Amino acid sequence: LESVGMPVGKTEIAISEDGRIRIRGPHVAEKRIEDGQLRNTRDADGWFQTNDLGHLQNGYLFFDGRADDLINVGGVKINPDQVETRIRESFGSAGRVVVAKVPDTLRGEGVLVATESTGAEVDRLQRIALDVLKGVGLEASGALHVWHTPAIPMTSTGKPMRRELSRAYVAQLEPAPTAAPADKTD
């Protein structure tokens, strides 16, 4: 993606140690109402820390995704936006592809690659996803879940709803409730 720009006026931008975008300036609200209480939005040095990941290059800010979307697979942190981009480059226009996190009892989180494509395309997508994940340092065969869904949930602005997609995937894995056996009477 292109840069989102440079700070202007008295606005300052920095990146925290964990890669989150921080903003400081007279325009940043000091407090917010949370659970009926006023809470500080800034730290002691006046910085507001966002939940957005980014990096600075020659004074320009680049957006790298949402911190709450990061997938932590056994300590390997995966940015779903970057993985999606790489998968799409190899997969082509065969269908919409979205990457999200799902629970994984062994690794903490696993990688869900959801698509609206079907059949052989899903098999091809799995091979591509494994290669892409290997390229970002993750041997993911046990942590990768490729799922065909009729419709990927999207916001009104066209962004994937990753949490909703994860919930739908997990829900379809859960066994359907079974009816209690009927009493037999002779």
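Residues numbered from 1 in each chain as written. Predicted model: local features only at pLDDT ≥ 70, side-chain atom pairs only at ≥ 80, totals over all residues. Heavy atoms only, no water.

A.B. asks: Sorry, what's going on with the sheet that holds strand β6 (residues 60–66) here?
C.D. replies: One key point about sheets: their strands pair by backbone hydrogen bonds, in either a parallel or an antiparallel sense. Reading across from one edge, β1-β2-β5-β6 is the order of the four strands in this open sheet, with antiparallel pairing throughout. Whereas interior strands pair on both sides, the edge strands pair on one side only; in this sheet they are β1 (12–15) and β6. Across the sheet, the mean angle from the axis of one strand to that of its neighbour is 50°, orientation sign disregarded. (Pairing = 2+ DSSP bridges. Helix = DSSP H or I, 4+ residues; strand = E, 2+ residues; numbered from the N terminus. Axes fitted to C-alpha atoms, helices over the stretch in contact; angles between N-to-C directions.)

A.B. asks: Where do I start with the nonpolar core in this structure?
C.D. replies: As a rule of thumb, soluble globular proteins bury nonpolar side chains together. Counting residues in each nonpolar core, the largest one holds 21 residues, and the members touching the most others are Ile87, Val111, Val113, Leu133 and Leu144. A per-element tally of this core places helix α2 (residues 120–135) first, with six residues. Discounting residues that sit within four places of it in the chain, valine 113 has contacts with Ile87, Val97, Val98, Val99, Leu125, Ala129, Leu144, His145, Val146 and Trp147. Counting eight residues, the second-largest nonpolar core is a separate cluster that includes Val98, Val102, Leu112 and Trp147. (Core = buried A, V, L, I, M, F, W, Y, C linked by side-chain atoms within 4.5 Å. Buried < 20%, exposed > 50% of the residue type's maximum accessible area, 1.4 Å probe, protein only. Contact = heavy atoms within 4.5 Å.)

A.B. asks: Mind showing me how you'd approach the packing of aromatic side chains here?
C.D. replies: Each aromatic ring pair is summarised here by two numbers: the centre-to-centre distance and the angle between the ring planes. Tallying each qualifying case throughout the model produces one aromatic pair. Arranged with centres 5.3 Å apart and planes meeting at 65°, the rings of tryptophan 147 and tyrosine 169 form a pair that is edge-to-face. Of this pair, tryptophan 147 sits in strand β11 (residues 144–148) while tyrosine 169 sits in helix α3 (residues 162–173), and the two are 22 residues apart along the sequence. Per residue, the accessibility class of tryptophan 147 equals that of tyrosine 169, and both read buried. (Phe/Tyr/Trp six-rings, centres within 6.5 Å; stacked < 30°, edge-to-face > 60°.)

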